[in-house]
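Residues per chain are reported as follows:
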Amino acid sequence: MKRILLAAACAALLCPQAYAATTADEAAKLKTTLTPMGAERGANADGSIPAWDGGVTKPAAGYRNGDPRPDPFPGEKPVVSINAKNMDAYAAKLTDGVKALMKKYPDFRIDVYPTHRSAAAPQVVYDNTFKNATRAKLVDNGQGVEDAFGGIPFPITKDPYEMILNHRLAWTGVNIQTPLRVWVMTADGKRSMASGGVQTFRRPYYDPEVTPDKFDGYYALGKFAATEPGSKAGEAILAHDGLNAKSPRGLWQYLVGQRRVRKAPSVGYDTPDAVTSGIGLFDEAFNLFGPIDKHELTLVGKKEIYIPYNNNRSQLAKVDELVTPKTLNPSLVRWELHRVWVIEAKLAPGKRHVVAKRMYYLDEDTWQIILIDGWDAKGDLWRTNYTLTLLAPDIPALLGMVMWGGYDLQTGAYYMNMAFNELPVEVKVLPTIPRSFFSPEELANESTR
């Protein structure tokens, strides 16, 4: 009996902390003091973070689907520029990764602009988020969710596992396609295109044509088809991501040299990401790609942090202007002060991963991970990842799964993925994409044409 009780106690320590379900009275705050997504509706103490007023939902005049979206705040100037010389005065609002970049590169700076809480979503997403608040449940030892559909699953929470699921299920549209290029910058200042192609997403979890009773549990379907450079043309990766263990993750890969579609269980965790020439890791893709069960999560709390935000202007720049030696061109990256949830991820006992600790910074208005810092097994800061969020009022959404990348602070190399600079089409909204488009069989058919 003692051994049984001891085993149960140990298991409890290794499990995510259990939080009480959100009550109806608490959920009612989503219509008063909180935004429909669960963020604080009001401004911060000094007004540098304004109150949320509904976000930006009106596209620019003359905008056509797929066009590059213009800078929503073209006339604004930075309120402060922070670099190695004055960073100590702003240290409380800087991540370790940003401070490390400033120390490593004296010319690196962040230009901080006025904060705009531009994030928005359709009313149906708000309505479903309200319903999820009292019905969604954490399952699979913190790795999955059930009884959620069409909105953020846990808008009112202090559980880091629930917050990570909020990120996975963040609103970024339903049927999306974009051409892209992946740029790599070596430590000696040489830029090259690692990959290019087309990325297509379908989010059945948010599809208005899908009802909860017909939803099969797969919240995201994604396909990347490489078209350049010539050495990678024809390669493809297919992913099916499910809400919980009842909908197990599916991954397939087509390699031209093998001329067949095969399952790809290695596309995850700390496997070097071939799409980024190995500089990035697969679980850094889209800020978080695949399981996170090799780390234990702890909520550090909510902080006011400078993060990249409303970066349409950076996505309108020419490649050689933006992807410059050492770092992205500071003049083309917009930073703003926002409230973020900070989550620490430490390697779990008995698990292996080259990144022993990470810090995730989640935007409170969208639940999307915007910045990540990573430490190696020796405790040295090694990597810092970012996403240059795109404001898309036509969807409406603030997209954090484009223009993402990372810096290797030890080698000096960096990369930027999902970039569409100088391409005629940006993020394009599509009509409903057939499920068959995301099948392994269709991947094989496309690859043999």
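Residues numbered from 1 in each chain as written. Predicted model: local features only at pLDDT ≥ 70, side-chain atom pairs only at ≥ 80, totals over all residues. Heavy atoms only, no water.

K.L.:
An account of the overall build of the protein chain is needed here, citing residue identities and associated values.
P.N.:
When you go through the protein chain residue by residue, the secondary structure sums to eight helices and 20 strands. By the compact-globule yardstick of 22 Å for 449 residues, the protein chain fits well, its C-alpha radius of gyration being 21 Å. Counting only C-alpha atoms, the protein chain reaches 65 × 60 × 50 Å along its principal axes. Sequence-distant contacts in the protein chain: of pairs separated by 6 or more residues, those separated by 24 or more amount to 65%. If you sum the accessible surface of the protein chain, you get close to 19100 Å²; carbon and sulfur atoms cover 55% of it. Side chains of the protein chain give 53 positive and 50 negative charges; the mean places of these two sets differ by 3 Å. (Helix = DSSP H or I, 4+ residues; strand = E, 2+ residues; numbered from the N terminus. Rg over C-alpha atoms; globule rule 2.2 N^0.38 Å. Contact = heavy atoms within 4.5 Å. Areas by Shrake-Rupley, 256 points an atom, 1.4 Å probe, with all protein chains shown as cover. Lys, Arg positive; Asp, Glu negative; His and termini not counted. Charge placed at Lys NZ, Arg CZ, Asp CG, Glu CD.)

K.L.:
So what about unusual backbone geometry? Which residues, and what values?
P.N.:
For the bond running from Glu228 to Pro229, omega is -10°, close enough to zero to count as cis. Tracing the sequence through the fold places Pro229 in the loop between β7 (218–228) and β8 (236–242). Here the residue pair Ile395 and Pro396 is connected by a cis peptide bond, since its omega of -15° sits within 30 degrees of zero. Here Pro396 lies in the loop between β16 (390–392) and β17 (397–399). Notably, Asp147 is not glycine yet its phi reads approximately 60°, a positive angle. Assignment of secondary structure puts Asp147 in the loop between β4 (144–146) and α5 (160–168). With a phi angle near 55°, Asn310 is a residue other than glycine that sits in the positive phi range. Topologically, Asn310 is positioned in the loop between β11 (295–308) and α6 (312–316). Using a relative accessible area of 1% as the deciding quantity, one classes Asn310 as buried. (Buried < 20%, exposed > 50% of the residue type's maximum accessible area, 1.4 Å probe, protein only.)

K.L.:
Please provide a residue-by-residue account of the nonpolar core, values included.
P.N.:
Of all hydrophobic cores here, the largest spans 117 residues; its most connected members are Ile110, Leu328 and Met416. If near-sequence neighbours (up to four positions away) are discounted, Met416 is found in contact with Arg181, Val182, Trp183, Leu322, Val323, Leu328, Tyr386, Leu388, Met403, Trp404, Gly405 and Asn421. (Core = buried A, V, L, I, M, F, W, Y, C linked by side-chain atoms within 4.5 Å.)

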